[in-house]
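Residues per chain are reported as follows:
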Amino acid sequence: MQQSILRSGRSGIAINSYRGRFAPSPSGFLHFGSLIAALASFLDAKSTVDSLGNQGIWLVRIEDIDPPREQMGASSAILSTLEVFGLHWDEPVLYQSQQSELYQDTLADLKQHKLSYFCRCTRATIKALGGMYQGHCRTLNVSEQNSAIRLINQHGLYQFNDIFQGQVSCNKNLAQEDFIIHRKDGLFAYQLAVVVDDIYQNINHIIRGCDLLEPTARQLSLFKSFNKQAPQYGHIPLAVTNDGYKLSKQNRAPAIDNKNPQPALIKALEFLGQMPEPYLAHESIPNIISWAIKHWCREKVPAVTELKPLNKL
Ligand code: GLU
Ligand code: ZN
């Protein structure tokens, strides 16, 4: 039996040197918005050099725990796009679909520690109760059948210091909800899987899009429930469509052109405020990437002016 994350000796930040990751869900191909997140997390890792002169480690994790939302061929297409853009990962790709035993053992441990409970409330019930989940089933001893599992959210952390955004204060009520860690349909919830794997992979820096700002609060609470040190988070602005919508797989943002990657790479660096020099337009991908590692400047990454609606809670 695999050890659960609660019992594992992993401390989160046990390792001093930088370990970052990009964690796409294969629900579609890589688009400009996800390229920016991949590039920022890669550059932040590679521009951090430890006392022995080693660059940060950068990993790719495929978050394929939601088969109904998965698009055939997306995982391998995402990986080839990353390679075309010179974003090479340092350790074998981790697939969340291979981690079920660890998630299952962690759920069993949370249950044993009385840190979770079954809930059969529907969206409609929660709406009728005021829209927030107020721990309705905490003491009801709901049976397992057709139930979701919720975390007893003892910590309810809602503030944190973001690498790019500074002090962030999330919606306190949402952050303090007993959120779902195992879904009624039998799938593991994103919040559980992402934290278990960030601990499992000893990730200590997470750079991603600011659509994940609010979920960070819940993830911080989960780290605390596991008694592990949380990584440092940095959220970058989201690329939006002309009418202000988030570029996402759901709203069918166009996939990246693998045949002509230079313009998108330069555009992504511009978006991240890194001011790529004009001559780079005629350079090879490895040359642009080396320039970008050398010149990566966290302070130049624009702040998020407006927090976007939450789509990951
Ligand atoms: N898999 C998530 C997504 O594609 C991102 C998870 C994360 O970076 O924490 O939106
Ligand atoms: Zn309930």
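Everything below is about the structure shown above.
Treat the numbers as computed from the prediction; the structure is a model and nothing was measured.

(A) Examining the overall build of the protein more closely. Summing up its helical and strand segments, the protein has nine helices and ten strands in all. Here the C-alpha atoms of the protein give a radius of gyration of 20 Å, agreeing with the 20 Å that 2.2 N^0.38 yields for 313 residues. On the principal axes, the C-alpha backbone points of the protein span a range of 65 × 45 × 40 Å. Looking at the protein as a whole, 53% of its 313 residues are labelled buried. Intrachain contacts of the protein at a sequence separation of at least 6 include 78% that bridge at least 24 residues. If you sum the accessible surface of the protein, you get close to 15,000 Å²; carbon and sulfur atoms cover 50% of it. Across the protein, the centroid of the 31 positively charged side chains sits 7 Å from that of the 28 negatively charged ones.

(B) Representation of the coordination of the zinc ion (ligand 2). Those donors, Cys119 (SG), Cys121 (SG), Tyr133 (OH) and Cys137 (SG), are the protein atoms that reach the zinc ion (ligand 2), and they lie 2.2 to 2.4 Å from it. Taken together, the four donor atoms coordinating the zinc ion (ligand 2) and their angles of 97 to 125° define a geometry best described as tetrahedral. All donors to the zinc ion (ligand 2) come from one chain, and their sequence spacing reads C-x1-C-x11-Y-x3-C. The exposure classification of Tyr133 matches that of Cys137, with both residues buried.

(C) Spatial organisation of the side chain of Asp44. Tracing the sequence through the fold places Asp44 in helix 1 (residues 32-46). For Asp44, a relative accessible area of 0% gives the class buried. Sequence-distant contacts of Asp44, defined by excluding residues within four places in its chain, comprise Tyr18, Phe164, Ile207, Trp296 and Arg298.

(D) Focus on the sheet that holds strand 3 (residues 94-95). Strand order in the open sheet formed by three strands is 1-2-3, with parallel pairing between adjacent strands. What marks the edges here is a single partner per strand, and that holds for strand 1 (19-22) and strand 3. Together, strand 1 and strand 2 (57-62) form the strand contacts of helix 1, whose direction differs from that of strand 2 by roughly 150°. On the sheet, helix 2 (residues 74-84) packs against strand 1, strand 2 and strand 3 and is oriented at approximately 160° with respect to strand 2.

(E) Layout of the packing of aromatic side chains. Overall, the coordinates contain four aromatic pairs when judged by the stated rule. Pairing Phe32 with Phe271 gives two aromatic rings, centres 6.3 Å apart and planes at 85°, and the pair type is edge-to-face. A residue pair is termed long-range when its members are at least 10 positions apart, and Phe32 in helix 1 and Phe271 in helix 8 (residues 261-271) qualify at 239 residues. Judged by its relative accessible area of 25%, Phe271 falls in the partly exposed class. Relative to Phe188, the ring of Tyr103 lies with its centre 5.2 Å away and its plane at 65°, an arrangement referred to as edge-to-face. Of this pair, Tyr103 sits in helix 3 (residues 100-112) while Phe188 sits in the loop between strand 8 (180-182) and helix 6 (190-200), placing them 85 residues apart in sequence. Tyr103 sits in the buried class, given a relative accessible area of 0%. Since its relative accessible area comes to 10%, Phe188 is described here as buried. Looking at Arg150, its charged tip hangs above the ring of Tyr133, at a distance of 3.5 Å from the centre. Here the basic side chain of Lys267 rests over the ring of Phe32, its NZ or CZ set 5.1 Å away from the ring centre.

How each quantity is defined
- Residues numbered from 1 in each chain as written.
- Chains lettered and ligands numbered in written order.
- Predicted model: local features only at pLDDT ≥ 70, side-chain atom pairs only at ≥ 80, totals over all residues.
- Heavy atoms only, no water.
- Helix = DSSP H or I, 4+ residues; strand = E, 2+ residues; numbered from the N terminus.
- Rg over C-alpha atoms; globule rule 2.2 N^0.38 Å.
- Buried < 20%, exposed > 50% of the residue type's maximum accessible area, 1.4 Å probe, protein only.
- Contact = heavy atoms within 4.5 Å.
- Areas by Shrake-Rupley, 256 points an atom, 1.4 Å probe, with all protein chains shown as cover.
- Lys, Arg positive; Asp, Glu negative; His and termini not counted.
- Charge placed at Lys NZ, Arg CZ, Asp CG, Glu CD.
- Donors = N, O, S within 2.8 Å, 3.2 Å for Na, K, Ca; no water.
- Tetrahedral: all angles 85-135°; square planar, octahedral: opposite > 155°, others 65-115°.
- Pairing = 2+ DSSP bridges.
- Axes fitted to C-alpha atoms, helices over the stretch in contact; angles between N-to-C directions.
- Phe/Tyr/Trp six-rings, centres within 6.5 Å; stacked < 30°, edge-to-face > 60°.
- Lys NZ or Arg CZ within 6 Å of the ring centre and 35° of its normal.

Purely geometric stuff here, so don't read any function into it on its own.
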